[in-house]
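Single-letter residue listing:
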Amino acid sequence: MKHTLSNICAVAACAFMAVALGSCDNKKFRVDGTISEAKDSVLYFENMSLDGPVTVDSVKLGEDGTFSFSEKSPEAPEFYRLRIAGQIINLSVDSTETITVKAAYPTMATGYEVEGSSECATIKELALKQIDLLGRVIAVERNAALGFDQTRDSVARMLEAYKQDIKLNYIYKAPMRASSYFALFQTLGNRLIFNPRESEEDIKAFAAVATSWDTYHPNSLRGKNLHNIAIEGMRNVRIVRNNQAAAMVDASKINTTNIIDISLPDSKGAARRLTDLKGKVVMLDFHVFGADGSTKRIMQLRDLYNKYHAQGFEIYQISLDPDEHFWKTTTAALPWVSVRDAAGLQSQYLQLYNVQSVPTFFLVGRDNALYKRDVQIKDLDAEIRALLGK
């Protein structure tokens with residue numbers, strides 16, 4: 001069969017293009033290094049997707065602790081983490097870079113070294129700041145010398161100072177960076193430090209990063225997600241503002257206490273208010289019935305209720321379970337006030353009461369005044385008896 005020179009050149013050109021395109025599609029990044037003191041531990045390499053962590057690869061570490069993971073390079077900055085049990089190292093990956101991590105278990109989350117990526121180095125700074133903030137908040141909440149108002153105000157001041165630092169020195173300074181995106185989603189306990197559902201200032205931070213990502217990482221899923229969050233947040237703020245304006249009443253008609261009132265439906269749909277229990281000693285309890293250890297905890301609460309209810313003790317328990325039918329079935333036989341917040345872990349009351357983890361509880365005196373939260377109580381029976389006047 002005869003082949004013309006032009007045909008041969010065309011075939012060669014197509015073959016070259018195919019190889020070139022294939023090599024572009026196969027660009028990879030690599031994460032390697034050592035985790036010492038972790039022989040026989042399983043090191044997981046996880047992608048922090050928009051739907052949550054997804055295991056990409058894993059390795060059982062040997063005596064020297066060396067590891068190496070390699071994956072296809074993302075089209076826009078993407079987030080991964082190295083994890084052994086609860087110890088986590090957060091990473092950002094862009095293009096074909098090689099990131100080297102050195103650490104020792106079990107302090108790898110705070111004592112690691114990272115090379116090859118300035119973004120990963122900045123993310124380490126942010127992670128250490130977040131850990132320090134959490135430690136300071138816990139110390140304040142466990143300080144038995146502080147009352148509820150003092151604890152709440154101290155934590156609020158720490159959070160505000162932290163947010164100002166992160167916004168000025170990271171987010172607004174370089175909103176196009178992966179580390180700025182990472183900063184927006186830092187958490188304290190189980191809630192976001194930057195709350196785009198309720199704070200106009202926090203929404204501005206989300207919007208700044210979203211706009212910048214449009215320029216530097218156009219059409220990326222994370223950029224689109226930021227826009228959706230910012231738009232939803234602005235809508236929520238407008239709704240809250242309108243509801244507050246509609247709910248304004250004559251100040252002379254307001255019964256003031258130092259407690260934030262709660263009104264939620266019970267299993268029959270009837271609204272139950274926390275302040276309606278004035279005159280009783282109340283345990284305000286936040287609970288998830290679908291969580292591990294729930295049954296054991298409910299039995300402990302039942303013992304307390306049986307022991308002190310006749311003397312004026314009541315439990316006002318807020319369920320944060322997503323499944324309403326499950327909650328109704330589970331709580332059908334409970335003798336105390338059981339209500340449910342359909343917002344679940346996004347409940348406004350978690351923020352208003354500065355709840356960092358669930359389950360948790362507060363004791364409320366007969367005068368409807370908050371007394372103490374769980375971390376400030378060493379002997380629960382003694383505190384209840386004291387409030388009952390026994």
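Check the entry above for the structure.
Engineer: Teacher, can you tell me more about the nonpolar core here?
Structural biologist: The biggest cluster of nonpolar side chains holds 30 residues, and the ones touching the most others in it are Leu133, Ile166 and Ile171. Elements that contribute at least two residues to this core include exactly α3 (118–141), α4 (148–171), α5 (178–184), α6 (200–216) and α7 (221–246). Sorting elements by how many residues they give to this core places α4 first, with seven residues. In this structure, Leu133 is in contact with Met158, Leu159, Tyr162, Leu188 and Ile193, ignoring residues within four places of it in sequence. Judged by nonpolar contacts, the second largest core, of 22 residues, contains Val31, Phe45, Met108 and Tyr112.

Engineer: Before we go on, may I ask you to explain the pattern of salt bridges in this structure?
Structural biologist: Pairing between side chains of opposite charge can happen when the charged atoms of each approach one another. The full count for this structure, using the stated rule, is 19 salt bridges. A salt bridge links Glu201 to Lys204; the nearest nitrogen and oxygen atoms lie 3.2 Å apart. Here Lys204 and Glu201 lie together in helix α6, a separation of three residues that amounts to about one turn. Residue class for Lys204 comes out partly exposed when judged on its relative accessible area of 46%. Here the salt bridges share partners, and the residues they tie into one network are Glu46, Arg81 and Arg83.

Engineer: Is there a simple way to think about the packing of α3 against α4 in this case?
Structural biologist: Between two packed helices, the angle of one axis relative to the other and the distance separating the axes together describe the packing. The interhelical angle for the contact between α3 and α4, taken along N-to-C directions, is 170°, at an axis separation of 9 Å. The angle between α3 and α4 falls in the class roughly antiparallel. Two secondary-structure elements touch here, α3 through Thr122, Glu125, Leu126, Lys129, Gln130, Leu133, Arg136, Val137, Val140 and Glu141 and α4 through Thr151, Ser154, Val155, Met158, Leu159, Tyr162, Asp165, Ile166 and Tyr170. Looking at the contact of α3 with α4, its residues break down into ten nonpolar, four polar and five charged.

Engineer: Help me out: how do you make sense of the packing of aromatic side chains in this one?
Structural biologist: A ring pair, where both rings are aromatic, is described by two values, the distance of the centres and the angle of the planes. A full pass over the atoms with the stated rule returns 16 aromatic pairs. Ring centres of Phe79 and Tyr181 lie 5.3 Å apart, and the angle between their planes is 20°; on these two criteria the pair is classed as stacked. Of this pair, Phe79 sits in strand β5 (residues 78–84) while Tyr181 sits in helix α5, and the two are 102 residues apart along the sequence. On the basis of relative accessibility, which here comes to 3%, the residue Tyr181 falls in the buried class. An aromatic cluster of at least three residues, connected via ring pairs, comprises Phe29, Phe45, Phe67, Phe69 and Tyr80. Positioned above the aromatic ring of Tyr112, the side-chain terminus of Lys124 is 5.1 Å from the ring centre.

Engineer: I tried to follow the sheet that holds strand β2 (residues 42–49) on my own but got confused; where do I start?
Structural biologist: Read across the open sheet, the four strands follow the order β3-β2-β5-β6; overall the sheet is antiparallel. In the strand order of this sheet, the two ends are held by β3 (52–60) and β6 (87–93), each with one partner. When the angles between neighbouring strand axes are averaged without regard to direction, this sheet yields 25°. Sheet topology places β5 next to β6; seven bridges connect them, and they run antiparallel. From the neighbouring strand, Leu82 faces β6, where its bridge partner is Ile89.

Engineer: Whenever I open this one, the environment of Arg81 confuses me. Can you help?
Structural biologist: With respect to the helices and strands, Arg81 occurs in strand β5. Taking the C-alpha atoms as reference, Arg81 lies 8.7 Å from Pro53; in sequence the two are 28 residues apart. Ignoring anything within four residues of it in the chain, the contact list for Arg81 reads Tyr44, Phe45, Glu46, Met48, Pro53, Ile88, Ile89, Asn90 and Leu91. Reaching out from Arg81, the side chain makes a polar contact with the side chain of Glu46 at a distance of 2.5 Å.

Engineer: In this structure, what is going on with the side chain of Arg191? I would like to understand it.
Structural biologist: Along the polypeptide, Arg191 turns up in strand β10 (residues 191–192). We note that Arg191 is buried and unpaired, the nearest opposite charge coming from Glu141 at a distance of 7.4 Å. Once residues lying within four places of it in the same chain are set aside, the contact partners of Arg191 are Leu159, Gln186, Gln351, Asn354, Val355 and Gln356.

Conventions used here
Residues numbered from 1 in each chain as written. Predicted model: local features only at pLDDT ≥ 70, side-chain atom pairs only at ≥ 80, totals over all residues. Heavy atoms only, no water. Core = buried A, V, L, I, M, F, W, Y, C linked by side-chain atoms within 4.5 Å. Buried < 20%, exposed > 50% of the residue type's maximum accessible area, 1.4 Å probe, protein only. Helix = DSSP H or I, 4+ residues; strand = E, 2+ residues; numbered from the N terminus. Contact = heavy atoms within 4.5 Å. Salt bridge = Lys/Arg side-chain N within 4 Å of Asp/Glu carboxyl O. Axes fitted to C-alpha atoms, helices over the stretch in contact; angles between N-to-C directions. Parallel < 35°, antiparallel > 145°, perpendicular 65-115°, else oblique. Nonpolar A, V, L, I, M, F, W, Y, C, P; charged D, E, K, R; others polar. Phe/Tyr/Trp six-rings, centres within 6.5 Å; stacked < 30°, edge-to-face > 60°. Lys NZ or Arg CZ within 6 Å of the ring centre and 35° of its normal. Pairing = 2+ DSSP bridges. Polar contact = N/O pair within 3.5 Å; in protein donor to acceptor, adjacent residues only side chain to side chain. Lys, Arg positive; Asp, Glu negative; His and termini not counted.

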